[in-house]
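# Structural characterization, general
Spelled out, the chains give:
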There are 2 protein chains.
Amino acid sequence: MIVVVTPNPAVDVTYRVDEQRVGTTQRVRNVDRRPGGKGLNVARVLHAEGVRTHSVLPLGGAAGAWVADAVAALGLDATTVPVPGETRTTVTVVDDLTHPTMFGEPGPSVPPGSWSHVDGAVRAALGPTAPDETVALVLSGSLPVGAEPTVVVPWVTDAVAAGVLVVADLSGPSLLAAADAGATVCKPNREELAEATGLPDERDGALDLLRRGAGLVVVSRGADGIAAHALDDVVEVPAVPGVTGNPTGAGDAATAGLVLALSRGADTALALRTAAAFGAAAVLRPVAGEIDHDAAHRFLSALDPTRSPA
Amino acid sequence: MIVVVTPNPAVDVTYRVDEQRVGTTQRVRNVDRRPGGKGLNVARVLHAEGVRTHSVLPLGGAAGAWVADAVAALGLDATTVPVPGETRTTVTVVDDLTHPTMFGEPGPSVPPGSWSHVDGAVRAALGPTAPDETVALVLSGSLPVGAEPTVVVPWVTDAVAAGVLVVADLSGPSLLAAADAGATVCKPNREELAEATGLPDERDGALDLLRRGAGLVVVSRGADGIAAHALDDVVEVPAVPGVTGNPTGAGDAATAGLVLALSRGADTALALRTAAAFGAAAVLRPVAGEIDHDAAHRFLSALDPTRSPA
């Protein structure tokens with residue numbers, strides 16, 4: 001079982017309009033609503049690949065109830081931790097003329113007591129009463145505005161103490177906190193790494209996280225592929241060439257591929273190839289949280305890692 | 001008791017952003033959520049004026065549950081009619097730089113069986129088992145996309161048969177259907193009247209509704225005041241001069257003032273003055289569904305009607 005914590009789940013709403021124009025009243029032609037947050041995308045990809053997952057979701061209000069129902073309808077196992085306030089909504093407005101516009105709510109104010117319940121849910125999934133042995137813990141996505149970045153620490157330390165692989169797909173101070181706590185893998189993209197560490201050079205940023213305590217730093221580079229930094233070694237895999245489509249959720253699919261491969265004992269090179277293949281296979285699907293299964297396995301056999309000394 | 005039917009309630013969400021720009025990702029600085037739909041604004045204004053109201057609300061999904069909770073929290077009596085799908089949301093994006101942008105969802109698809117339950121709720125409010133004598137029925141706002149405009153007919157005919165004043169604050173074909181069914185008052189604004197009747201001249205449009213069966217046609221004209229058309233008579237009241245602020249919901253407040261005055265036996269001139277005063281007093285409040293009580297009563301004493309032959 002792979003446990004996925006989504007600290008700040010969302011209702012992802014897409015509005016299709018005829019033409020986006022500021023300052024006007026626009027009739028929404030089509031409304032699409034789906035449960036979102038990076039961790040839920042990771043869990044959905046793993047679930048579709050036949051992996052047993054368990055999601056931990058702090059949820060509040062009517063929007064939270066909607067997410068809980070939608071997650072259940074997708075067949076995903078989950079523990080819901082009730083929080084005060086309304087789970088955030090993101091609204092993405094699209095037309096056929098220009099780029100989408102995205103409005104992101106900050107999310108609810110989650111009190112310390114609710115975070116303790118998240119800790120308890122993670123601990124339960126690591127313990128002897130869990131329905132299946134937990135082999136990996138994924139922490140993925142933003143924290144609600146105002147949350148202490150150190151809320152992630154007990155999740156990392158409990159899992160590490162239980163001998164479970166921890167992949168921290170976080171950003172900002174919570175990424176640093178996960179590294180400090182000894183996460184097995186930190187997996188920022190290049191921009192998140194630079195922003196969290198304040199170091200513009202990728203290798204410098206990765207070394208910062210490694211020296212804090214991360215076991216490996218995997219950096220997704222979009223069209224420039226993906227790299228795994230250890231203290232004495234960098235492994236790089238190029239992106240799958242010639243793939244076009246919807247990049248939303250590609251990073252989450254890459255995280256799913258990475259954790260799936262590592263949890264099955266793959267070496268770093270194979271894990272990176274799996275991440276790159278899953279990311280590219282997500283681009284072929286119109287929505288986040290899904291990958292083109294056949295394409296993923298075709299891409300996987302075509303990719304070749306390059307190992308270079310640091 | 002005044003019964004208010006809101007055929008298409010909404011969650012009205014306002015997002016404050018730093019600067020509206022198409023094609024970008026925007027952090028929402030502040031989220032405001034309130035129960036909306038024109039009928040709910042009317043009910044809130046009446047309730048704040050000490051009038052007993054009963055709202056009839058077709059509601060669906062998590063958004064519908066949110067509206068039901070919010071209406072209860074406001075202390076409004078209501079009958080909720082469950083409908084399939086999600087009650088609509090409107091998202092208004094504001095900044096300090098330009099005009100708001102409003103995105104309006106179409107609303108759920110309400111099947112005939114649900115409309116029968118709305119009919120039943122209206123009929124119950126008109127009957128001997130109602131908690132208080134119903135003196136007026138207000139029908140206010142849009143119908144969900146795809147609803148037959150004639151769904152309003154039984155509400156009008158049942159209320160008229162029970163001797164209850166019916167104010168139809170509707171638009172498009174449902175306004176015509178309410179007139180056909182003999183609504184005591186049709187209350188479109190000038191643009192809605194022209195659009196529904198296809199007649200650009202206000203008097204021509206009003207005569208169309210009167211000949212269909214409306215008892216009186218009250219036309220709100222924004223800054224140009226408000227007029228009541230009968231077959232042989234037009235009464236006009238100017239707008240309250242020099243009032244600036246937020247015009248959202250001013251028309252709904254005017255409807256509340258109109259129905260309140262008429263239900264208390266006011267003549268047409270006093271009812272129009274009350275409508276104009278309530279509309280202006282709503283402009284002084286930052287949100288729809290509220291009026292400045294003291295200002296409304298100050299404005300009321302200052303307004304002077306002008307009666308002219310048709």
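Right above here is the structure, for reference.
Conventions used here
- Residues numbered from 1 in each chain as written.
- Chains lettered and ligands numbered in written order.
- Predicted model: local features only at pLDDT ≥ 70, side-chain atom pairs only at ≥ 80, totals over all residues.
- Heavy atoms only, no water.
- Helix = DSSP H or I, 4+ residues; strand = E, 2+ residues; numbered from the N terminus.
- Expected span 1.5 Å × (residues − 1).
- Buried < 20%, exposed > 50% of the residue type's maximum accessible area, 1.4 Å probe, protein only.
- Arc of directions from axis to C-beta.
- Contact = heavy atoms within 4.5 Å.
- Buried area = accessible area lost by both parts, 1.4 Å probe.
- Salt bridge = Lys/Arg side-chain N within 4 Å of Asp/Glu carboxyl O.
- 1 Å grid on protein atoms, 1.4 Å probe; cavity = no way out; pocket = protein on both sides within 12 Å on 5 of 7 lines; lining within 4 Å.
- Points joined across faces, edges and corners; volume = space filled by probe spheres on them.
- Nonpolar A, V, L, I, M, F, W, Y, C, P; charged D, E, K, R; others polar.
- Phe/Tyr/Trp six-rings, centres within 6.5 Å; stacked < 30°, edge-to-face > 60°.
- Lys NZ or Arg CZ within 6 Å of the ring centre and 35° of its normal.

### What to know about helix H3 (residues 112-126) of chain A
Residue and element names in this part refer to chain A. Look at H3: 21 Å from first C-alpha to last across 15 residues, which is about the 21 Å you get at 1.5 Å a residue. Three or more residues of H3 are buried, namely Ser 114, Trp 115, Val 118, Asp 119, Ala 121, Val 122, Ala 125 and Leu 126. All buried residues of H3 project into a common sector of 160° when viewed along the axis, lining one side. Set apart from the buried face of H3 by more than 90 degrees, the exposed residues are Pro 112 and His 117. If you follow the buried residues of H3, they end up packed against strand E1 (2-5), strand E5 (53-59), strand E6 (78-82), strand E9 (136-140) and helix H4 (153-161).

### Brief notes about the interface of chain B and chain A
On the side of chain A, 28 residues touch chain B, which itself brings 28 residues to the contact. Summed over both sides, the interface of chain B with chain A buries roughly 2300 Å², with 60% coming from carbon and sulfur. Three residues, Val 22, Phe 103 and Glu 105 of chain B, lead the burial of chain B against chain A; their summed loss comes to 24% of the area buried on that side. Our count for the contact surface shared by chain B and chain A stands at two salt bridges. Ionic pairing is found between Arg 33 of chain A and Glu 105 of chain B, a salt bridge with its closest N-O pair at 2.8 Å.

### Regarding empty space enclosed by the protein
Summed over all chains, the structure comprises two cavities of 30 Å³ or more. Size it by volume and the largest cavity reaches roughly 250 Å³. Residue assignment for the lining of the largest cavity shows that the elements contributing at least two residues are strand E2 (10-16), helix H2 (61-73) and strand E7 (88-94) of chain A together with strand E2 (10-16), helix H2 (61-73) and strand E7 (88-94) of chain B. Its residues placed into classes, the lining of the largest cavity shows 14 nonpolar, two polar and five charged. Its boundaries defined by the atoms lining it, the second largest cavity holds a volume of some 90 Å³. If you go around the second largest cavity, you meet 14 residues; those closest to its centre are Val 22 and Phe 103 of chain A together with Val 22, Thr 101 and Phe 103 of chain B.

### A word on the packing of aromatic side chains
For the structure shown, the criterion picks out five aromatic pairs over all chains. Aromatic side chains Phe 103 of chain A and Phe 103 of chain B sit 6.3 Å apart centroid to centroid with 55° between the ring planes, which places their arrangement in the tilted category. On the criterion of chain membership, the pair formed by Phe 103 of chain A in strand E8 (residues 101-104) and Phe 103 of chain B in strand E8 (residues 101-104) is interchain, its members lying in two chains. The class of Phe 103 of chain A is buried, set by a relative accessible area of 4%. Through successive ring pairs, a cluster of aromatic residues spans Tyr 15 and Phe 103 of chain A together with Tyr 15 and Phe 103 of chain B. Its end group placed over the ring of Phe 299 of chain A, Arg 298 of chain A keeps NZ or CZ at 5.8 Å from the ring centre.

Functional significance is not addressed by these values, which are geometric in nature.
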